[in-house]
Amino acid sequence: MKEVVIISGKGGTGKTSIVASFAALADKCVVADADVDAADLHLILDPTIVRREQFSGGSRARIMSGHCTACGKCEEICRFDAITYDGPGNGRVSRTYRIDPIACEGCAVCAYFCAEHAIEFAPVVNGQLFVSETRCGPMVHARLGVAEENSGKLVSLVRERARETAKNRKRDLVLIDGSPGIGCPVIASITGADLALVVTEPTLSGLHDLERVSDLTRHFRVETLICINKWDINEDLTLEIEALARRRGLKLAGRVRYDRAITEAQIRRQSIVEYAADGVTADVRQLWANVVETLRSPNVTATGTSS
Ligand code: SF4
Ligand code: SF4
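Everything quoted here is computed from the prediction, not taken from an experiment.

> When you look at the overall build of the chain in this model, what are you seeing that I'm missing?
The helix and strand inventory of the chain stands at eleven helices and 13 strands. When the backbone C-alpha atoms are referred to their principal axes, the chain occupies close to 75 × 40 × 40 Å. For the chain, the residues scored as buried account for 50% of the 307 residues in total. Pairs at least 24 residues apart make up 76% of the contacts formed inside the chain by residues separated by at least 6 positions. In the chain, 38 positive and 40 negative side-chain charges are present, and the distance between their average locations comes to 4 Å.

Written as structure tokens, this is what we have:
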């Protein structure tokens, strides 16, 4: 089984529409939307959920008001101002302390210092994970709760479920819509992947983002290809990006032209290769052919490192 992850230096580069097209072009694959902070692949692939599970990324503190003596120690030491003096009274004190579950970071310092052992920890549900069916095959995706963190952990779980689904359904390719940027979620998206396709745009920020993202894929020894999306909006910067890619030994997988048909396709909840037969579709088909060719090359090993 091979895992191909499609990433970008920032959101809005057209990464998701490329993933949706790849899903339509791939023979038998499982699609994973690992961009859990801004998941939108479902808007194009229109999944029907067949299984869902709760995701817990950590624990939160809670004061057991019956045990609290209102000493105030926990409020004094909480660095996140998550504790307030407005909890219910008990037989000993008229008011106790209370923890705001949204402000609490789950660091456990308050529980450590509470002499009354009045603070407990309970896992909290941060989001949901779904295994679905789409017209392009199985899809694993997730929804993170509002203001919830630990998305790196959820990304890892999405990838794990996608691999399991591929194994069970005898599919030998997992296509991952990775998180943008260079933080924890993107690291969770790329580690151990066989191939990364970095989607960038010919802008100055696209140029700098490419440097940062390719540093990351090199660090994690993931074979990396480059795609320049909307290359014709600035040909000079496209040439600069290609020169940068050459200097870094990164292979250019393709240029994709700017075309309003991509937006029209999205409005109809279709990928561009399903919506249009020519124009930008030819670019995306060629891009996919180059990805497949690289994936089949002996340089891409089953462990995700270049030999
Ligand atoms: S440290 Fe414990 S006993 Fe003191 S106010 Fe906090 S919860 Fe109550
Ligand atoms: S676990 Fe940490 S963040 Fe949460 S209330 Fe206790 S001290 Fe504050």
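> Mind showing me how you'd approach the side chain of R60 here?
Within the element layout of this structure, R60 appears in strand β4 (residues 58-63). Residue class for R60 comes out buried when judged on its relative accessible area of 18%. Among the polar contacts listed, one links the side chain of R60 to the backbone oxygen of P101, at a separation of 3.2 Å.

> Sorry, what's going on with the site of ligand 2 here?
In the neighbourhood of ligand 2, 13 residues make up the surrounding shell, with C78, C104, C107, A108 and C110 lying closest. Classifying every residue of the shell around ligand 2 gives eleven nonpolar, one polar and one charged.

> Sorry, what's going on with a nonpolar patch on the surface here?
A surface patch of nonpolar side chains, amounting to about 340 Å² of accessible area, comprises V109, Y112 and F113. For F113, the location among the structural elements is in helix α4 (residues 109-113).

> Can you walk me through the sheet that holds strand β3 (residues 48-55) in this structure?
Pairing is mixed in the open sheet, where nine strands are placed in the order β3-β8-β9-β2-β10-β1-β11-β12-β13. Of all the strands in the sheet, the pair left with one neighbour each is β3 and β13 (251-256). Strand-to-strand twist across the sheet, computed as the mean angle between neighbouring axes with direction ignored, equals 20°. Looking at chain direction, strand β2 (residues 30-33) and strand β10 (residues 173-177) are connected through four bridges and run parallel. Its bridge partner being in β10, V31 is matched across the sheet by L175. The strands that helix α5 (residues 151-168) touches are β1 (2-8), β2, β3, β8 (127-134), β9 (137-144) and β10; relative to β9, the one it contacts most, it runs at about 165°.

> Would you explain the state of the cysteines in this entry?
What makes a disulfide is a covalent bond joining the sulfur atoms belonging to two cysteines. Applying the stated criterion across every chain, the model contains zero disulfides. Residue C227 stays outside any disulfide, its sulfur separated by 18 Å from that of C29, the closest cysteine.

> What is the right way to read the pairing of β10 from this model?
Residues in a regular strand point their side chains to alternate faces of the sheet. Most of β10 sits out of view: five of its five residues are buried. Both faces of β10 are covered, namely the face carrying L173, L175 and D177 and the face carrying V174 and I176. By the bridge criterion, five bridges tie β1 to β10 in an arrangement that is parallel. Opposite E3, over in β10, you have V174 as the bridge partner.

> What exactly am I supposed to notice about the site of ligand 1 here?
Neighbouring ligand 1 are I63, C68, T69, A70, C71, G72, K73, C74, Y97, C114, E116 and I119. Taken together, the residues of the shell around ligand 1 break down into eight nonpolar, two polar and two charged.

> Explanation requested: the nonpolar core in the structure shown.
Across soluble globular proteins, nonpolar side chains show a tendency to be buried alongside one another. Counting 38 residues, the largest nonpolar core has V5, I7, L129, V140, L154, V158 and I226 as its most contacted members. The greatest single-element share of this core, amounting to six residues, is contributed by α5. In this structure V5 touches I176, G178, S189, I190, A193, L195, A196 and L197, once residues within four positions along its chain are discounted. Among the nonpolar cores identified, the runner-up in size contains 37 residues, and I6, L45, L197 and V280 belong to it.

> Would you explain α5 in this entry?
An α-helical turn contains 3.6 residues, so a residue and the one three or four places further along point in the same direction. If you check α5, its first and last C-alpha atoms are 25 Å apart, about what 18 residues at 1.5 Å a residue would give, namely 26 Å. Every buried residue of α5 is listed here: S151, G152, L154, V155, L157, V158, R159, R161, A162, T165 and A166. Phi for K170, located one or two positions after α5, is positive at around 55°.

> Just to check I follow, could you spell out the packing of helix α1 (residues 15-25) against helix α11 (residues 280-296) for this structure?
Relative placement of two packed helices is described by the angle separating their axes and the distance separating the axes. The contact between α1 and α11 brings their axes to 10 Å, and the two run at 70°. For the element pair α1 / α11, the angle class is roughly perpendicular. Contacts from I18, S21, F22 and L25 in α1 reach V284, R285, L287, W288 and V291 in α11.

Conventions we followed
Residues numbered from 1 in each chain as written. Chains lettered and ligands numbered in written order. Predicted model: local features only at pLDDT ≥ 70, side-chain atom pairs only at ≥ 80, totals over all residues. Heavy atoms only, no water. Helix = DSSP H or I, 4+ residues; strand = E, 2+ residues; numbered from the N terminus. Buried < 20%, exposed > 50% of the residue type's maximum accessible area, 1.4 Å probe, protein only. Contact = heavy atoms within 4.5 Å. Lys, Arg positive; Asp, Glu negative; His and termini not counted. Charge placed at Lys NZ, Arg CZ, Asp CG, Glu CD. Polar contact = N/O pair within 3.5 Å; in protein donor to acceptor, adjacent residues only side chain to side chain. Near = heavy atom within 4 Å. Nonpolar A, V, L, I, M, F, W, Y, C, P; charged D, E, K, R; others polar. Patch = residues over 30% accessible without salt bridge, like charges linked within 9 Å, V, L, I, M, F, W, Y side chains within 5 Å. Areas by Shrake-Rupley, 256 points an atom, 1.4 Å probe, with all protein chains shown as cover. Salt bridge = Lys/Arg side-chain N within 4 Å of Asp/Glu carboxyl O. Pairing = 2+ DSSP bridges. Axes fitted to C-alpha atoms, helices over the stretch in contact; angles between N-to-C directions. Disulfide = S-S within 2.5 Å. Core = buried A, V, L, I, M, F, W, Y, C linked by side-chain atoms within 4.5 Å. Expected span 1.5 Å × (residues − 1). Parallel < 35°, antiparallel > 145°, perpendicular 65-115°, else oblique.

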